Amino acid sequence: MAIARLSGGPLDGQVIPLDAEAGDTYIAAYGEGQLVYRRAGADTRTGADDGPTETRFVYVEATEDINPDPDGRDE
């Protein structure tokens, strides 16, 4: 099993499982749109005895505006 460590954007710091066929782009549903993260750098912790392989993905874009206060009430 491998894990993705997300960096930047709304999901900054999240760790998610990756399947063996994971590509260079991770797309996550977010609100009405999607968030796009891209693989950055080489995999780490790739040894047999050092835990799951980690891959860093950095935030690229959102397909919709990300607005935590869409009605403007600033609660």
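### Quick look at the packing of aromatic side chains
Across all of its chains, the model carries two aromatic pairs by this definition. Here Y26 and F57 contribute two aromatic rings whose centre-to-centre distance is 6.5 Å and whose plane-to-plane angle is 65°, an arrangement assigned as edge-to-face. Linking Y26 in strand β3 (residues 25–30) with F57 in strand β5 (residues 53–62), this pair joins segments that are 31 residues apart in sequence. With centroids separated by 5.5 Å and ring planes inclined at 65°, the aromatic side chains of Y37 and Y59 adopt a geometry described as edge-to-face. You can see Y37 sitting in strand β4 (residues 33–39) and its partner Y59 sitting in strand β5, a full 22 residues away along the chain. Y59 gets classed as partly exposed once you look at its relative accessible area, which sits at 29%.

### Focus: the pairing of β5
Where strand β1 (residues 2–7) lies against β5, six bridges are found, and the strand directions are parallel. The residue of β5 that forms the bridge with L6 is F57. Inspection of the sheet shows β4 paired to β5 by five bridges, in the antiparallel sense. Bridge pairing links R39 to F57 in β5.

Each value, and the rule that gives it
Residues numbered from 1 in each chain as written. Predicted model: local features only at pLDDT ≥ 70, side-chain atom pairs only at ≥ 80, totals over all residues. Heavy atoms only, no water. Phe/Tyr/Trp six-rings, centres within 6.5 Å; stacked < 30°, edge-to-face > 60°. Helix = DSSP H or I, 4+ residues; strand = E, 2+ residues; numbered from the N terminus. Buried < 20%, exposed > 50% of the residue type's maximum accessible area, 1.4 Å probe, protein only. Pairing = 2+ DSSP bridges.

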